[in-house]
Amino acid sequence: MSASPREHGYSRRARASLFAQSLLLVVLAALVAALCVEVSRTEALRVRVDASRRRVNTLAEPTLERIRQLPSPARVDVFFRPEPGPQRELVAEVQRRALEFLRLAAARAEGKLELDVHDTSELEAVQARATELRVDDVANKVVVSLGERKAVLSFEEWAQFQPDPLDARRLAIATFKGEELLASTLARLSAMEQPRIAFSTGRGELARESGEPGGAGMLARALRDDGFELVDWDGTGPLPERTDIVALLAPTQPFEPDALAALRAHVERGGRLFAAASSVVVYTGKGSTSDLLTSYGLSVLEGPVCKETIDPVTGILADGDPRVAVLPVSGSQLDARHPITAPFVRHGRRVVFPGALALQRGQPPNGVALIELASSPRDSWRDTLIDPRTRARNFAYDGPDEPIGTFALLTAIEAHTRTEDPNARGRVVAVACTSALANATFETNRDLWLASFNWLARREHRVVVAGADPNVGRLDLARGPYLARVVQVGWFALPAACLLLALSIWFARRRP
Amino acid sequence: MRGPELLRGTAVIYRRELSGLFLQPVAWVLLALGLFLNGYAFPALLIATKGDADAAFLYAFRSGFGWISIVLPPLLTMRMISEEARSGMLEYLLTAPVKDGALVLGKVLAATTFMAVLWGGAFVLAAALAACGAAIDWPRLVLAWGGTVLASLVFCSAGLVASALAATPVVAAFLGMMLCAGIVLLPTFVDRLAFASRATRRALIERIDLAGQLEQTFLRGMFDSSTLVLLVSTSAVLLVLCTRRLEMQRWRS
């Protein structure tokens, strides 16, 4: 029978030996733990599941695809620092969200995105890195580098701002654009070629470089930022060389037959067309955008599409007001599968069509497919009747004389080409809404138009849509009983229940 | 049949420790204090996040790393070994047909259960908000709670190590708090290491920053097996250390 150590005790030497054995065991355990941690970090074995209801930890698949397709790992240097002044809280909020998003992106990038958050109090190190990057001012900037190419992102680019609903003197975040910004920056840095867009001019189109509310300067800038090259086409001669996309921004005057023929031939060769018919000066005759769209089985119908609205002040259902022609479109009114609109459905985003005309689907020619991307809500009507006295629309539903139902507002067309490639398709995006493209509403529709042009450029991987309004899902603390309830429960009810239990246990234990 | 034996022993010790904890008025007073401090901060967090309840819960769990994780687990575990060694109870336990591993595991799980109850106060607050019509992200909250409980397992393990090392409960509590603070502050120390390059420091921090890892994953409603492994293996190393320390007590007695 073997003797137990307890019965015999241990000599000093035996103890030292056992101590060394124990120490070795602990060191071994630590090494095994370190190995387990290291192995668990390998992408093949790592399991990540986003359990949050709003999928806050999940990047959009196009963004991930964009990151995966990077030719080499991109490096993101963050130089955030606290900003003094009245907007310090806003700056801190944007920085926090940007940092959270970048950490998430780096974690999901499978080694394609290296994040380096610099401590801006270490002036020498920051200066050294800034010199290395060859960027003069890095304060509050994020520098994205891909090889030798660099993009410097400033604080304002991370979000859209609006007056704070609780304090109009301050700004608040309307939409955080981290994902959109990173995706477009990486796309710009990795782009080898710039798709060329030829904008038709001289037919009363929206002015491409105008900053006026009715101009299209914001669209042009956004397209340029997204890596497109913009050129003009006066609609008379052949299209400019290497034109990938032709954009007709709501022309109000007709094109010559030769110009229309050139546009049709461009699509037949596998070219792409963004055709926005004017909803301000409605002309559907020969040489119009509507005439061009008829070739693909689509026609533009007169009369803006309207839907009654609820007056925000009185809460009364209102018509007879031009506001009924401003149609917000979201959710089920958008195609959930098409690359242009699917991200809007996924993120719960909406787009706005002010004064839009309906696009009617006719009989498309062989080899042409029409997809309605956005349509008006149910029971919307086309305001076709004009008051003979005032010669103006009344923006009210006038009974059976005005068509009622759901109308297509944005349509994508794919057409077989006459090229040798059987898979080649010409692509067209059609809309009949001048105001939806203009600067006045551009910020709301920005992602829609960028997505449309990227789809036209066959860059579906760049179709990235910013997430929903960050204020969605927030509690209205000023009006709801939330704070009072939390105070009642957290300050009083829970601790009191525990103290009551403590007291009852104490009494129970005191009893003999 | 070492596995079932270990489980049986763990269950016995767990029940014993749990009843020892929850049948003490002082435990409930501690719980009341912890819940009050958590609840006290929560309205301020709701205001700071402008009504974003999910973010407020994230900060509530994260702020727990500041004091709850450093102070409470050592207070819970301080008597578990040192007091029993002083009173002679440990001798009986060591001679009982229970393995040292089961003894340590049972004790640490009991302390972690207490912490789980404390963190569970978040569910009551969430239910109160939900009763007022707030849309609570329950899966995210459950995952955040689970991650925090796992982190508490690490801190309770550190507290138990301190209890095994110290001769008296007061010293054990102090030592435990130092150990827990060390775990929380370790990434900051590593970041200050002058001899390592920035890249090396960053790589090291990524592997030892429990709070940072937890915040990036579980607290945001993201299950990450790598964080799980980090928390469990850190705890396992501490428990191995504690078990070996108990064995050393055996040689000395």
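For the structure, see preceding data.
Residues numbered from 1 in each chain as written. Chains lettered and ligands numbered in written order. Predicted model: local features only at pLDDT ≥ 70, side-chain atom pairs only at ≥ 80, totals over all residues. Heavy atoms only, no water.

1. Thoughts on the overall build of chain A
In terms of helices and strands, chain A carries 12 helices and 22 strands. Here chain A has a C-alpha radius of gyration of 31 Å; the compact-globule value for 512 residues is 24 Å, and the former is much larger. Along the longest, intermediate and shortest principal axes, the C-alpha atoms of chain A span 110 × 60 × 55 Å. Relative to all contacts within chain A whose residues are 6 or more apart in sequence, the contacts with residues 24 or more apart total 71%. When the accessible surface of chain A is summed, it comes to about 25600 Å², and 55% of that surface belongs to carbon and sulfur atoms. Computed over 64 positive and 63 negative side-chain charges, the inter-centroid distance for chain A is 9 Å. (Helix = DSSP H or I, 4+ residues; strand = E, 2+ residues; numbered from the N terminus. Rg over C-alpha atoms; globule rule 2.2 N^0.38 Å. Contact = heavy atoms within 4.5 Å. Areas by Shrake-Rupley, 256 points an atom, 1.4 Å probe, with all protein chains shown as cover. Lys, Arg positive; Asp, Glu negative; His and termini not counted. Charge placed at Lys NZ, Arg CZ, Asp CG, Glu CD.)

2. Brief notes about the overall build of chain B
Counting its regular elements, chain B contains 13 helices and 1 strand. Each helix and strand of chain B, ordered N terminal to C terminal, gives the series α-α-α-α-α-α-α-α-α-α-α-α-β-α. Expected size for 253 residues packed as a compact globule is a radius of gyration near 18 Å; at 19 Å, chain B falls within 12% of this value. Across its three principal axes, chain B shows a C-alpha extent of roughly 60 × 50 × 35 Å. Residues counted as buried form 56% of the 253 residues belonging to chain B. Counting contacts in chain B only where the partners sit at least 6 residues apart, residues at least 24 apart contribute 76% of the total. Carbon and sulfur atoms form 71% of the exposed surface of chain B, whose accessible area is close to 10100 Å². Charged side chains of chain B number 21 positive and 15 negative; the gap between the two group centres comes to 4 Å. (Buried < 20%, exposed > 50% of the residue type's maximum accessible area, 1.4 Å probe, protein only.)

3. Some remarks on the environment of Arg96(A)
Residue and element names in this part refer to chain A. Counting through the fold element by element, Arg-96 comes out in helix α4 (residues 88-108). Expressed as a C-alpha distance, the spacing of Arg-96 and Thr-236, which sit 140 residues apart in the sequence, is 52 Å. One polar contact links Arg-96 to Glu-100, side chain to side chain, over a distance of 2.8 Å. (Polar contact = N/O pair within 3.5 Å; in protein donor to acceptor, adjacent residues only side chain to side chain.)

4. Describing the pairing of strand β9 (residues 229-233) of chain A
Residue and element names in this part refer to chain A. Direction of pairing for strand β8 (residues 196-200) relative to β9: parallel, over a ladder of 5 bridges. Note on β9: the bridge partner recorded for Ile-197 is Leu-230. Handedness of the β8-helix α7 (residues 217-225)-β9 crossover: right-handed. (Pairing = 2+ DSSP bridges. Right-handed = clockwise from strand over helix to strand, strands pointing away.)

5. Thoughts on the interface of chain A and chain B
Listed per partner, the contact involves 60 residues of chain A and 67 residues of chain B. The tally of links between chain A and chain B comes to 4 salt bridges. Measuring nitrogen to oxygen at the nearest pair gives 2.8 Å for the salt bridge that ties Arg46(A) to Asp224(B). Between chain A and chain B we count 12 residue pairs in polar contact (both at pLDDT 80 or more) in total. Sorting the residues of the side of chain A that touches chain B by element identifies α2 (12-40), β1 (48-50), α4, β3 (113-117) and α12 (482-510) of chain A as the ones contributing at least two each. The greatest single-element share of the side of chain A that touches chain B, amounting to 17 residues, is contributed by α12(A). Among the residues forming the side of chain A that touches chain B, the class breakdown is 34 nonpolar, 7 polar and 19 charged. (Salt bridge = Lys/Arg side-chain N within 4 Å of Asp/Glu carboxyl O. Nonpolar A, V, L, I, M, F, W, Y, C, P; charged D, E, K, R; others polar.)

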